[in-house]
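Chain residues, written in single-letter form:
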Amino acid sequence: MMMRLMKIMLLCYFVPCMARAGIIKGHVYDMQTGTPLTGASIRLEKTGLHGISGLDGSYRIKDVPAGTYRLVISYVSYQPFVAEVKISGQGTIIVNAFLGPGTKNQLQEITVRAAAAGSLDNSIRRTIRYAPQIMNIVSAHDIQISPDLTVANVVQRVSGVSLERNTTGNGQFAIIRGMDKRYNYTMVNGIKMPSPDNGYRYVPLDIFPSGLLSTLEVYKTLTPSMEGDAVGGVVNMVMKEAPERFTLTANLATGYSALFLNKRFMGFDHRHINKLSPYQLQGNQYNATPMDFSKASLDYTLRHPPPDLRGGFSIGDRFLHHKLGVILAGSIQNTSRGNNSLFFDSEVVDTLKGVTLSSMHQRKYSERQLRYGLYANMDYRINENSKLQWYNSLMKLTDIQVRDDKTTLLTIGGYDPGKGDATLEYSTRSRLTKQKIYNSTLQGDHRLLNNLALKWAAVYSIAVKDQPDNTLISLNGEQKNAVSKRTTIRNLSRRWEHNSDRDVAGYFNMIYNKPVAGVPIEWTAGGLYRDKHRHNFYNEYYFLPEDPFATFGDDFDGYTQIRWSVENPRGSVATSLNYDASEKTTAGFLQFKISGKKLEITGGGRVEHVNQGYRMRFPIGEDLPIGKQLHTDFLPSLHIKYSPAKRSDFRISYFRSVNRPGFFEIVPYTIVNEEYVEKGNPHLKEALADNLDFRYAFYPASGGHFMAGIFYKHLKDPIEYTLEPDSIRGQDIYYTPGNFGNATNFGGEIDFIRYFNKIGIKANYTYTHSRITTAKSKRVRDENGDLETIAVNETRPLYHQPTHIANLSLLYKDPETGWGGQLAGAYTGKRINTVSQFVDNDLWQKGFVQMDASVEKKFKNGISIFAKFNNLLNSPMTLYINNNSFKNAAVPYQDLSGKTLIRHDIYQRSAVVGLRFTPK
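Predicted model only: the values in this text are computed from it and were never measured.

So, the overall build of the protein
The helix and strand tally for the protein stands at 5 helices and 50 strands. Against the globule reference of 29 Å for 920 residues, the protein gives a C-alpha radius of gyration of 32 Å, in line with a compact fold. On the principal axes, the C-alpha backbone points of the protein span a range of 105 × 80 × 60 Å. When the accessible surface of the protein is totalled, it reaches about 40,000 Å², and 57% of it is carbon and sulfur. Averaging the locations of the 109 positively and 86 negatively charged side chains of the protein gives two centres separated by 11 Å.

Below you can see the structure in the form of structure tokens.
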């Protein structure tokens, strides 16, 4: 009875108190940038009441009894925010905290019951907002929590960006606003990178580990201070800088591809292959023998691959009274990936519509990738007006790939799918590819006077690609009653390729601030000089079996047992792939920036002069074995930004840009293919583009944004590959790069980010429409009934341009429990994958959805566990032609109604789990 009476008395006491309890809520921001701070600690002293700020910087403390409290809000490396809060009754008190550097506490008397949020932007969105041009940025934090492990896969989350993928399904090149990779360029810390490709300028983004980045920037419009050879856009990787205090981070992870749960990995010992060919070792007069060639590239093993290994670290600090800053970061990824591929060869027969499938390849790829990244950055603050910075980066990607191919001949006698009989061919290719990009840049930033500054950079860069002892062996085979086997030997080829691209460059910019009629105007003048040298080497040997009647299983059991004779003992080097190229670029620009209260105008012009040349090392009668092209371009631009309100702005931009021929395209090479002869074009002109952009942006206080824009591009003399008649012999037709009139590309983008405490939504959608008209080949019968090939014009979208691109990411982060995660989906609509030389026969890639996910758990000691899951839907890559022929009725796997299946690749899912250490 006494216990029940005490419970009643306590209840009578606490119910009125709870009725008088209030709520304290608000947001926590960085005082200088307006960034919402996630994970800030909020507590009421001398009580057990506390909270942690969410994704949008918001916090909420409930059931606060009436009284006066000391509210303390703290965040690592920030000055604590201290406020006295009075709760006089039931209701809500809003306290927005602005944290800044310092040591003293701020004490504020707050008695208001409501407050309006100010104009606050996330730091990344702030950079986007105040940039003179249209751009997108992915922060280091977003990169870390995303499911992506390379820069190429990260960039696909940006609005208007799709990917060209490699044979294992990973992203490799960025397609920006529907413009193929040739129309974009890549920078590191604002410096353009050379390419390891053997003929073109574009840089493979999968060579860069995402963990070394501070931010990833995508510029969609160009100012005069930027190099002008980008029509689609520019990808700039901003690397980490030295921190203000000692910082050490590290991560270690492992993973696996589901593809190898049900099949074994096919590999070879790449360490023991010949790095140099006999030609390179012994000279051009040496006659090679079979003893000069290693058997390592023919000695294949089948096994389950070991788990993947991924790791990275970053360590940095400042010394000499904070004048010298140093950071060293590294990354390593050792992964095994693969692909099960179905591929059809085809030919155009007579005047039949579409193509006739001639063979079916069932290919299995096994690929091991070793990706290394090492980055070092030192900066020295001479004084408050002068700073020097020297950074070095080395990115290296070693790719060991085996492609095992079983080919069914569909048009040769003996093919009877009903009986399971067919003539077969087997081939196995072993390929080692080593790519590396090294960059060393010394930069200076000096304020000479109050209104005069100087920025300069001296750059050395080199990109190298080696493919030593690329081996392809072929055997005959047969299928009887659906049982397949290898029979006799066909041939063997071994190829060595090497190319390098070296840049030496200097950048020089002067910035002068001078108000005119009270309006601030910033003038920037400067330029660059770059000296580029490119070297390409190609050498190939052909082999025939000494016993052409030897059979597999009877005379030999492995490829290393076959005895060969060298068909061309001095190698084949007199090809178009042996050339030297050079390019000297001189550029100057003048840029102005007028900054008003609501209006900002940035404009000016840029002049670029390029001397591009080549020299064939082993000419065999070409008309122009040595050649050069001179290009001088004036590239104006104008960017207007109008901000009618604190959190919104309108932008309109115009810029002219250029796309110059690739190094290999102007070499007068000739390659004889089955259906056509491919030739280079020394007279190829550069393409000019006029670009218009309009964008509206709104930046809410929660740190997200809403952006909507449209763009239009008009290209003069765009470079495309098509069929052209010979200028002398009109009956000869060549597949060659050329300039084809005009092309247009226009579309629109919507980009949305919104945070709700623990939940975040990121979404974007891009529509792109392009048109170009080029010549195609068509087979017809003349009045005499003879078969001839004529050229007709065909209008189509630009190569690699999808009409629809969409991204949707759902984020979750609970700072109190340390749990977080992300589910990211990317849709890429159908697009032309390969332009055919025949009308209506372009290869289209089917639209697909790529779904990835990540999850992370953080602990108070700075350790996190995380997992990343890729290609959850096991989305395939499918290529098809938009018509079909009755000739293919009996061909397997042709189930695309009204279409002809050409390729179908399955990559399977993969997963990564690991630990991350980020001390507080």
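Things to note about the packing of aromatic side chains
Evaluation of the coordinates by the stated rule reveals 19 aromatic pairs. A ring pair is formed by Phe293 and Trp496, whose centres lie 6.1 Å apart and whose planes are at 45 degrees; its orientation type is tilted. Taken as a pair, Phe293 in the loop between α5 (278-282) and β19 (301-303) and Trp496 in strand β26 (residues 483-513) lie far apart in primary sequence, 203 residues in all. A relative accessible area of 7% places Phe293 in the buried class. Here the aromatic residues Phe293, Trp496, Tyr541 and Phe543 are joined through ring pairs into a cluster of three or more. A cation over a ring is seen here: Lys181 above Tyr202, with NZ or CZ 5.0 Å from the ring centre. Its end group placed over the ring of Phe859, Lys857 keeps NZ or CZ at 5.4 Å from the ring centre.

A closer look at unusual backbone geometry
Its identity is not glycine, yet Asp840 carries a phi of approximately 65 degrees, on the positive side. Of note, Asp840 is situated in the loop between β44 (831-834) and β45 (843-845). You will see that Gln908, though not glycine, has its phi angle at about 70 degrees, which is positive. Turning to its location among the elements, Gln908 is positioned in the loop between β49 (900-906) and β50 (910-917).

Quick word on the environment of Ala763
Checked against the element boundaries, Ala763 lands in strand β40 (residues 759-781). Each residue touching Ala763, except ones within four places of it in the same chain, is listed here: Ile750, Asp751, Phe752, Asn807 and Leu808.

Quick look at the pairing of strand β21 (residues 324-347)
When strand β20 (residues 308-319) meets β21, the two strands line up antiparallel, connected through 11 bridges. Bridge pairing in β21 places Arg310 opposite Gln333. Here β20 hands over to β21 after 4 residues, with Leu320 in that stretch at a positive phi of 55 degrees. Judged from the 24 bridges that link them, β21 and strand β22 (residues 356-383) form a sheet pairing that is antiparallel. Directly across from Leu328, in β22, lies its bridge partner Ala376. The pairing of β21 with β49 spans 4 bridges and is classified as antiparallel. Within β49, the position partnered with Phe343 by the bridge is Arg903.

Comments concerning the side chain of Asp56
Tracing the chain through its elements places Asp56 in the loop between β3 (50-52) and β4 (58-64). Notably, Asp56 is buried but unbridged: the nearest opposite-charge side chain belongs to Arg754, and the N-O separation is 5.3 Å. A polar side-chain atom of Asp56 sits 3.3 Å from the main-chain amide nitrogen of Asn757. Once residues within four sequence positions are removed from consideration, Asp56 is found in contact with His27, Pro36, Ser702, Tyr755, Phe756 and Asn757.

Things to note about the pattern of salt bridges
Inspection of the entire model under this criterion finds 48 salt bridges. We note a salt bridge from Arg271 to Asp269, for which the minimum N-O separation is 3.0 Å. With relative accessibility at 27%, the residue Asp269 sits in the partly exposed group. One network of salt bridges, with partners in common, ties together Lys192, Glu227, Asp229, Asp501, Asp503, Arg530, Lys532 and Arg534.

Considerations on the pairing of strand β29 (residues 579-595)
Bridging between strand β27 (residues 521-545) and β29 involves 16 bridges; their strand directions are antiparallel. Each bridged residue has a counterpart across the sheet, and for Ala525 the counterpart in β29 is Leu590. Where β29 lies against strand β30 (residues 599-616), 17 bridges are found, and the strand directions are antiparallel. Bridge assignment links Ala587 to a residue of β30, and that residue is Glu608. Counting the residues that bridge the hairpin from β29 to β30 gives 3 residues.

Digging into a nonpolar patch on the surface
A cluster of nonpolar side chains, namely Phe246, Leu248, Phe313, Ile315, Leu328, Leu374, Leu394, Phe859, Ile863, Ile865, Leu915 and Phe917, defines an oily patch on the protein surface of about 950 Å² accessible area. Listed by contribution, the elements that provide at least two residues to the nonpolar patch are β20, β47 (863-870) and β50. Examined against the element boundaries, Phe917 turns out to sit in strand β50.

Examining the nonpolar core
Val155, Leu205, Phe208, Leu216, Met237 and Met239 are the most contacted members of the largest nonpolar core, which totals 38 residues. Those elements that place two or more of their residues in this core are α4 (151-155), β11 (161-165), β12 (171-176), β15 (213-219), β16 (233-239), β23 (386-409), β25 (452-480) and β26. Looking at this core element by element, the count peaks at 4 residues for α4. Leave out the neighbours within four places in its chain, and Leu205 touches Val151, Ala152, Val155, Gln172, Ala174, Thr186, Val235 and Met237. Counting 31 residues, the second largest nonpolar core, distinct from the first, contains Ala296, Tyr300, Ala422 and Ile489.

Overview of the sheet that holds β16
Read from one edge to the other, the open sheet built from 5 strands follows the order β10-β15-β16-β13-β14, with strand pairing classed as mixed. The open sheet terminates on both sides in strands that have one partner only, identified here as β10 (135-139) and β14 (191-192). Where β10 lies against β15, 5 bridges are found, and the strand directions are antiparallel. Residue pairing in the sheet places Ile137 in a bridge with Glu217 of β15.

So, the environment of Lys646
You can see Lys646 is positioned in the loop between β31 (626-645) and β32 (648-659). Using a relative accessible area of 67% as the deciding quantity, one classes Lys646 as exposed. Separated by 622 residues in the primary sequence, Lys646 and Ile24 place their C-alpha atoms 27 Å from one another.

A short note on a negative patch on the surface
A cluster of acidic side chains, namely Asp547, Asp554, Asp555 and Asp557, defines a negative patch on the protein surface. With respect to the helices, strands and loops of the structure, Asp547 is situated in the loop between β27 and β28 (564-566).

Points about the confidence of the model for the protein
The pLDDT averaged across the protein works out to 89; a share of 93% of its residues lies at or above 70. Across residues 5-19 the pLDDT falls below 50, and counting only partners more than four positions away or on other chains, this stretch makes 2 contacts in the model. Contacts from residues 103-121, a stretch scored under 50 in pLDDT, to residues over four places away or in other chains number 57 contacts.

Quick notes on the rules
- Residues numbered from 1 in each chain as written.
- Predicted model: local features only at pLDDT ≥ 70, side-chain atom pairs only at ≥ 80, totals over all residues.
- Heavy atoms only, no water.
- Helix = DSSP H or I, 4+ residues; strand = E, 2+ residues; numbered from the N terminus.
- Rg over C-alpha atoms; globule rule 2.2 N^0.38 Å.
- Areas by Shrake-Rupley, 256 points an atom, 1.4 Å probe, with all protein chains shown as cover.
- Lys, Arg positive; Asp, Glu negative; His and termini not counted.
- Charge placed at Lys NZ, Arg CZ, Asp CG, Glu CD.
- Phe/Tyr/Trp six-rings, centres within 6.5 Å; stacked < 30°, edge-to-face > 60°.
- Buried < 20%, exposed > 50% of the residue type's maximum accessible area, 1.4 Å probe, protein only.
- Lys NZ or Arg CZ within 6 Å of the ring centre and 35° of its normal.
- Contact = heavy atoms within 4.5 Å.
- Pairing = 2+ DSSP bridges.
- Salt bridge = Lys/Arg side-chain N within 4 Å of Asp/Glu carboxyl O.
- Polar contact = N/O pair within 3.5 Å; in protein donor to acceptor, adjacent residues only side chain to side chain.
- Patch = residues over 30% accessible without salt bridge, like charges linked within 9 Å, V, L, I, M, F, W, Y side chains within 5 Å.
- Core = buried A, V, L, I, M, F, W, Y, C linked by side-chain atoms within 4.5 Å.
- pLDDT = per-residue confidence, 0-100.

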